[in-house]
Amino acid sequence: MSESYPAHWEADIVLRDGGTARIRPIVPDDADRLVAFYQRVSDQSKYYRFFAPYPRLSARDVRHFTHHDFVDRVGLAVLVRDEFIATVRYDRIDAAGRPSGSGTGAEVAFLVQDAHQGRGVASALLEHIAACARERGILRFTAEVLPDNRKMATVFTEAGYIQRRSYTDGVLHFELDLEPTEDSLAVMRAREHRAEARSMQRLFSPRSVAVIGAGRNPLGVGRTLLRNLVAGGFTGSLYAINKAAAPLTELDGVPVHARIGDVTEPVDLAVVAVPAEQVPDVVADCGAAGVRGLVVITAGYAETGVDGRARQRQLVGQARAAGMRVLGPNAFGLINTDPQVRLDASLSPQLPGTGPLGIFSQSGAIGAALLEAAYRRGLGISSFVSVGNRADVSGNDLLQFWEEDEATGVALLYLESFGNPRKFSRLARRVAARKPLVVVKGGRDTRSIPAGHTGIVTRMADSTVDTLFEQAGVIRVDTITELYDAADLLAHQPLPPGGRIAIVGNSDSLGLLTHDAALSAGLQPLLPHDLTTGAGPDDFRRGLKAAIDRPDSDAVVAVVIPPIGAGGFPHFPGSGLLAQAPLPERAPLLDTAPFAAALRESARRAREAGKPMLIVHLAMPELLDQIGNGDQIGDGNQVGGGDQVDAGVDGHAAGAAWRVPGYPRPERAVRALAHAVRYAAWRERSAVERTFPDFEDVAEQQARAIVAEALEGKRAEAVLDEATTAQLLACYGVGLDAHAPQEADATRSDPKQVVDVTISASVDPAVGAILSFGLAGAASELLGDVAHRLIPATGSEAASLIREVKAAPLLFGWRGSEPVDTAALEELLLRVSQLVDDLPEVASLTLDPVRVAPRGLTVRGAGVRLARLPARTDLGPRALA
């Protein structure tokens with residue numbers, strides 16, 4: 001039995017140290033690579049593999065290890081720079097351990113070149129060979145390991161699969177069940193997280209950087225990049241690379257070389273700014289020189305059309321094969337403000353100071369605007385990345401990095417699309433549980449996305465995207481101004497414990513505007529406390545202290561207008577028009593420094609009480625400067641005044657410095673506060689329940705077999721017939737009773753007995769897999785009364801999904817009707833969620849109608865559409881797209 005070459009088993013991977021490699025099946029043409037690989041393996045590793053001295057492979061061995069049928073005998077290799085660095089193979093066996101074409105077990109064996117041991121190569125190979133085996137109907141692996149081979153024993157022991165171990169005749173025997181478990185998935189994702197975070201760390205913290213394409217023109221792109229690296233104070237070694245370097249020996253004080261291979265020390269990061277036709281040679285030189293990562297500023301790739309997309313695929317494949325990750329092409333650059341690094345490998349004319357904000361942008365223009373806005377507002381950043389065409393490094397990679405980065409307290413993203421929406425949803429939920437994630441997403445209206453745009457157009461209603469972001473803990477904002485309004489509060493103040501807002505200030509009008517804005521934002525504002533326009537610093541101290549100490553306040557907004565002389569505002573006598581009264585001389589403004597001190601002291605008190613404090617000010621920019629530049633509150637590193645705080649201690653963003661956010665308009669302050677209130681509530685909910693039900697009666701392997709058979713021979717997709725749909729649903733404990741007795745329909749006319757609902761699941765390119773619920777008929781079809789949740793859904797999310805639709809009262813005893821069995825309905829939603837989460841080939845699933853009675857329910861109709869997996873998925877073994 002044999003099959004054609006399984007190209008879908010090929011994958012690029014990130015290893016434990018952040019380097020990349022390629023996994024693919026071994027073929028007969030690999031004979032020379034296999035021999036060369038074996039020669040580089042130590043005698044001890046060969047002994048561990050064969051249990052005996054085995055200095056060289058015979059011609060028969062080479063043939064045996066390079067010829068496979070890809071069903072009963074499979075071999076995979078890991079390659080770097082087109083050379084094998086590791087291999088794995090399985091041979092199918094029966095229950096007695098004999099070779100068998102009908103068995104469900106297989107013997108597995110690994111060999112990793114000594115120079116690459118410890119990089120997580122064997123662990124990645126185990127994930128991939130296990131996926132291949134499951135696809136071919138193999139349910140378990142057996143392996144024998146010598147006791148001294150501790151590294152290999154650890155790979156099996158820590159894989160997370162259900163395993164059995166024994167020790168006989170001086171050999172460790174392992175048997176692994178290949179069914180994915182919660183532990184095995186957790187292990188895989190933990191390894192993925194460490195590897196991808198490490199690959200970003202290599203980009204952000206290079207010891208040496210070369211700018212390839214830096215020339216004599218001071219306005220050129222390469223020269224601008226070099227100048228920014230010098231001006232930023234990069235702490236490592238810098239090199240300029242220009243093939244026409246002679247007779248130049250330096251540019252901007254940086255040594256110049258004709259080729260990167262001429263640099264005598266290792267180069268960690270290459271910033272590429274040469275014409276597109278020169279990039280392949282540059283990448284080849286970088287790979288040969290051992291460069292770890294590339295920032296490709298060069299344009300002329302996927303953004304230009306079909307030919308450009310082909311060049312882009314070639315670029316990524318060439319770089320990954322040499323162990324390098326790629327930021328770009330068509331990138332704006334990256335920044336790391338860590339004082340130990342000080343890397344500004346960007347085209348930005350403005351470099352914000354050090355601070356807690358991590359910034360990601362798909363667009364170079366938006367990236368430049370984000371940096372300029374941060375610089376203008378005095379907000380510091382930890383890191384910045386603008387990825388351009390996002391051919392390799394994506395927002396998901398940055399989330400992996402920022403999750404563990406202590407310098408990043410709040411992650412800010414400008415997104416237009418998601419290359420891997422399932423993964424984004426999973427990572428966003430996890431990151432948001434630790435630190436705020438604020439997103440500006442372009443393309444709210446698909447008409448705003450130009451034809452030929454390289455991103456994926458959002459198909460679903462934008463309000464639905466809002467709902468799903470909120471479910472994942474993502475704070476979505478509309479503008480860059482709103483992005484920084486929210487970030488300033490989230491990074492520098494405690495999270496509010498609730499939505500009760502105390503308002504204190506010296507303007508009753510501005511206080512009322514703030515109160516009204518808070519009501520509109522869904523908050524619960526207390527009546528404003530007006531200190532009057534004649535209030536002095538001590539009045540602010542007393543008023544704010546009372547507001548902070550109130551047990552029914554969760555946050556405090558100080559409303560401040562310019563203080564006037566002791567007589568207050570100028571008085572215009574009489575009731576006539578101002579134009580008819582003589583204008584008095586302008587009253588002198590009081591010194592605002594005492595007011596700033598009072599506000600600063602009050603803000604410290606609010607922080608100690610675990611309540612955020614904001615300032616709404618009119619025409620008083622100097623007030624915020626005085627608050628930030630006055631006496632520092634506490635010790636530690638300062639950004640705008642204040643001491644470092646830890647998210648684990650008092651709810652601040654990790655790595656943030658304390659400061660008081662100020663806003664020139666009440667609606668901006670209140671909007672930022674509303675984002676913080678909703679985020680804090682989400683974090684509290686997510687801490688209570690973040691587990692996903694796992695039904696024990698699910699037959700996942702049988703379901704996978706049904707899906708594989710239905711897609712066999714299909715180029716793209718398949719629509720299941722009624723019988724196959726019923727079989728697939730039954731694997732997840734969902735019964736389809738489309739031919740129930742017709743007399744049951746009589747109950748439809750009595751809403752007190754039965755209400756019909758519809759349940760669906762689909763994969764949206766913007767946000768991933770979603771679960772939808774609504775009442776059947778006009779309510780959902782005509783009025784759009786449908787609620788949505790991300791898949792997988794928790795029990796509480798399924799419960800809230802039912803209750804969110806406007807017609808929900810019909811399910812809970814409206815006008816004296818008997819409530820339906822919502823517990824059964826919630827279980828059905830969770831079973832559908834698990835089915836779609838387990839089987840990514842399910843592109844859409846609809847149960848319509850589902851007849852829900854006071855006790856139990858019946859699925860009367862169902863449809864399932866399958867599609868072959870896209871290039872980027874979040875299931876199966878770790879792999880880069």
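Residues numbered from 1 in each chain as written. Predicted model: local features only at pLDDT ≥ 70, side-chain atom pairs only at ≥ 80, totals over all residues. Heavy atoms only, no water.

## Here we look at the nonpolar core
Put simply, the rule reads: By nonpolar core we mean a set of buried residues, namely Ala, Val, Leu, Ile, Met, Phe, Trp, Tyr and Cys, connected to one another through side-chain atoms within 4.5 Å. For every residue, the accessible area obtained with a 1.4 Å probe (protein chains only) is divided by the maximum for its type, and the residue is called buried under 20%, exposed over 50%, and partly exposed between those limits. Two residues qualify as a contact provided that any one of their heavy atoms is within 4.5 Å of a heavy atom in the partner residue.
With 52 residues, the main nonpolar core has Leu334, Leu343, Leu398 and Leu413 as its most contacted residues. Leave out the neighbours within four places in its chain, and Leu343 touches Leu203, Phe204, Pro206, Val209, Leu229, Phe234, Leu269, Leu334, Ile335 and Asn336. Ranked by size, the runner-up nonpolar core spans 50 residues in total, among them Leu357, Tyr484, Ala518 and Ala555.

## Remarks on the sheet that holds strand β10 (residues 237-241)
How we decide: At least two DSSP bridges between two strands are needed for those strands to be called paired. Where helices and strands are cited, they refer to DSSP runs of H or I of at least four residues and of E of at least two residues respectively, numbered from the N terminus.
Ordered in space as β11-β12-β10-β9-β13-β14-β15, the seven strands form an open sheet in which the pairing is mixed. Of all the strands in the sheet, just β11 (250-251) and β15 (325-327) have a single pairing partner and so form its edges. Looking at chain direction, strand β9 (residues 208-212) and strand β13 (residues 269-272) are connected through four bridges and run parallel. Counted as the bridge partner of Ala210 is Ala270 from β13.

## Some details on the packing of aromatic side chains
Between two aromatic rings, the relevant description is the distance of the centres plus the angle of the planes. We apply this condition: Only Phe, Tyr and Trp rings take part, Trp by its six-membered ring, and two of them pair if their centres are within 6.5 Å. Stacked means planes under 30 degrees apart, edge-to-face means over 60, and tilted covers everything else. Whether a charge sits over a ring depends on NZ of Lys or CZ of Arg being within 6 Å of the ring centre and within 35 degrees of the ring normal.
A complete count under the given rule lists 13 aromatic pairs for this structure. Measuring from centroid to centroid gives 6.2 Å for Tyr38 and Phe50, while their planes differ by 65°, and the two rings are edge-to-face. Of the two residues, Tyr38 is situated in helix α1 (residues 31-40) and Phe50 in helix α2 (residues 43-50); the sequence distance between them amounts to 12 residues. Measuring from centroid to centroid gives 4.5 Å for Phe50 and Tyr54, while their planes differ by 20°, and the two rings are stacked. By way of ring pairs, the aromatic residues Tyr38, Phe50, Tyr54 and Phe65 are connected into one cluster. Against the face of Phe50 rests Arg49, its NZ or CZ located 4.5 Å from the ring centre. A cation over a ring is seen here: Arg831 above Phe695, with NZ or CZ 4.1 Å from the ring centre.

## Here's the deal with the environment of Thr168
Condition: Distance and chemistry together define a polar contact, namely a pair of N or O atoms within 3.5 Å, with one atom able to donate a hydrogen and the other to accept it when in protein, and with adjacent residues in sequence counting only for side-chain atoms on both sides.
Tracing the backbone shows Thr168 in strand β7 (residues 163-168). Side-chain polar atoms of Thr168 contact the side chain of His173, separated by 2.8 Å.

## Remarks on the sheet that holds strand β8 (residues 171-177)
The condition is simple: Between N-to-C directions, angles span 0 to 180 degrees; the directions come from axes that are lines fitted to C-alpha atoms, helices contributing only their stretch in contact.
In space, the eight strands of this open sheet follow the order β1-β2-β3-β4-β5-β6-β8-β7, with mixed pairing throughout. Only two strands of the sheet have a single partner each, and these edge strands are β1 (11-14) and β7. In this sheet, neighbouring strand axes are inclined to one another by 25° on average, regardless of whether the strands run parallel or antiparallel. As paired strands, β1 and strand β2 (residues 20-25) are joined by four bridges and run antiparallel to one another. When the bridges of β2 are listed, Asp12 appears paired with Arg22. Relative to the sheet, α2 contacts β4 (83-93) and β5 (105-112), its axis offset from that of β5 by approximately 175°.

## Some points on the environment of Arg868
Along the chain, Arg868 falls in the segment after β35 (862-867). C-alpha of Arg868 to C-alpha of Glu717: the two residues are 151 residues apart in sequence and 6.2 Å apart in space. Setting aside residues no more than four positions away along its own chain, Arg868 makes contact with Leu711, Glu712, Gly713, Lys714, Arg715 and Ala716. A polar contact is formed between the side chain of Arg868 and the backbone oxygen of Leu711, at a distance of 2.5 Å. A polar contact is formed between the side chain of Arg868 and the backbone oxygen of Lys714, at a distance of 2.8 Å.

## Things to note about the environment of Ile475
Counting through the fold element by element, Ile475 comes out in strand β22 (residues 475-477). The sequence separation of Ile475 and Val439 amounts to 36 residues, and the corresponding C-alpha distance is 6.1 Å. Excluding its chain neighbours within four sequence positions, the residues that come into contact with Ile475 are Pro436, Leu437, Val438, Val439, Leu490, His675 and Tyr679.

## Description of the pattern of salt bridges
Think of it this way: side chains of opposite charge can pair up when their charged atoms draw near. Inclusion rule: We define a salt bridge as a contact between a side-chain nitrogen of Lys or Arg and a carboxyl oxygen of Asp or Glu at a distance within 4 Å.
On inspection of all chains with the given rule, the structure shows 48 salt bridges. The residue Asp30 makes a salt bridge to Arg33 at a minimum N-O spacing of 2.9 Å. In this structure, Glu826 and Arg803 form a salt bridge, with 3.1 Å as the shortest nitrogen-oxygen distance. Residue Glu826 is found in helix α25 (residues 822-838), and its partner Arg803 is found in helix α24 (residues 795-804); the two are separated by 23 residues along the sequence. On the accessibility criterion, Arg803 (41% relative accessible area) is partly exposed. Among the ionic contacts, a cluster of salt bridges with common partners joins Glu10, Asp12, Arg22, Arg320, Arg325, Asp392 and Asp397.

## Some points on helix α22 (residues 722-730)
Because an α-helix packs 3.6 residues into every turn, residues spaced three or four apart end up facing the same way. Rules: What the arc measures is the spread of directions leading from the helix axis to the C-beta atoms.
Taken together, the buried positions of α22 are Thr724, Thr725, Leu728 and Leu729. Looking straight down α22, one finds that the buried residues subtend no more than 135° of arc, so they occupy a single side. Those residues of α22 that are buried are in contact with α21 (700-711), α25, β33 (842-852) and β35.

## Focus on the packing of helix α6 (residues 182-204) against helix α12 (residues 421-432)
Let me state the cut-off plainly: For this classification, under 35 degrees means roughly parallel, over 145 means roughly antiparallel, 65 to 115 means roughly perpendicular, and everything else is oblique. Three residue categories are used. Nonpolar comprises Ala, Val, Leu, Ile, Met, Phe, Trp, Tyr, Cys and Pro, charged comprises Asp, Glu, Lys and Arg, and polar comprises the others, including Gly.
Remark: α6 packs on α12, axes separated minimally by 13 Å, with the N-to-C direction vectors making an angle of 85°. With respect to their mutual orientation, α6 and α12 come out roughly perpendicular. Contacts from Arg189, Glu192, His193 and Glu196 of α6 reach α12 at Lys423, Arg426 and Arg430. Its residues placed into classes, the contact of α6 with α12 shows no nonpolar, one polar and six charged.

## Remarks on the confidence of the model for the chain
Here is the rule: Confidence of the predictor in every single residue is expressed as pLDDT, which spans 0 to 100.
Chain-level pLDDT for the chain is 88 on average; 88% of the residues reach the 70-or-more range. Ignoring residues within four places in sequence, the model shows residues 742-752, a span with pLDDT below 50, making 11 contacts including any to other chains.

## Details of a negative patch on the surface
For clarity, the threshold we go by: Patches in this entry comprise residues that are over 30% relatively accessible and not in a salt bridge; like charges within 9 Å are linked, as are nonpolar side chains (Val, Leu, Ile, Met, Phe, Trp, Tyr) within 5 Å. The Shrake-Rupley method, run with a 1.4 Å probe sphere, supplies the accessible areas, and residue values consider only the shown protein chains as cover. Counting rule applied: Lys, Arg positive; Asp, Glu negative; His and chain ends not counted. All charge positions are set by atom: Lys at NZ, Arg at CZ, Asp at CG, Glu at CD.
There is a patch of like negative charges on the surface, built from Glu182, Asp183, Asp694 and Glu696. Relative to the helices and strands, Asp183 is located in helix α6. Residue classification places Asp183 among the exposed positions, given a relative accessible area of 53%.

## Quick look at the pairing of β2
Summarising burial for β2: five of the six residues are buried, a large majority. Taking the residues that link successive antiparallel strands as the turn, the β1-β2 hairpin has five residues, and the phi of Gly18 there is positive, at about 95°. For β2 and strand β3 (residues 73-80), the ladder comprises four bridges, and the chain directions are antiparallel. The residue bridging Pro25 from the neighbouring strand is Leu76, located in β3.

## Some points on the side chain of Thr725
For Thr725, the location among the structural elements is in helix α22. Judged by its relative accessible area of 1%, Thr725 is buried. Beyond its immediate chain neighbours, meaning those up to four positions away, Thr725 contacts Leu720, Leu736, Ala862, Gly863 and Val864.

## Quick word on helix α17 (residues 593-608)
For clarity, the threshold we go by: By this rule, a helix spans an expected 1.5 Å times one less than how many residues it contains.
In this model, α17 (16 residues) spans 23 Å end to end at C-alpha, consistent with the 22 Å of a helix rising 1.5 Å per residue. Within α17, the full set of buried residues consists of Phe595, Ala596, Ala597, Ala598, Leu599, Arg600, Ser602, Ala603, Ala606 and Arg607. At the C-terminal side of α17, Gly610 shows a positive phi close to 75°.

## Focus: the packing of α21 against α22
Threshold: Crossings are sorted by hand: turned counterclockwise from the far helix by less than a right angle, the near helix makes the crossing left-handed, and turned clockwise it makes it right-handed.
At a minimum axis distance of 9 Å, the contact between α21 and α22 shows a crossing angle of 155°. Classified by the interaxial angle, the pair formed by α21 and α22 is roughly antiparallel. As for the relative orientation of α21 and α22, their crossing is left-handed in sense. Side by side, α21 and α22 meet where Ala703, Ile706 and Val707 of the first sit next to Thr724, Gln727 and Leu728 of the second. Of the residues belonging to the contact of α21 with α22, the class tally is four nonpolar, two polar and no charged.

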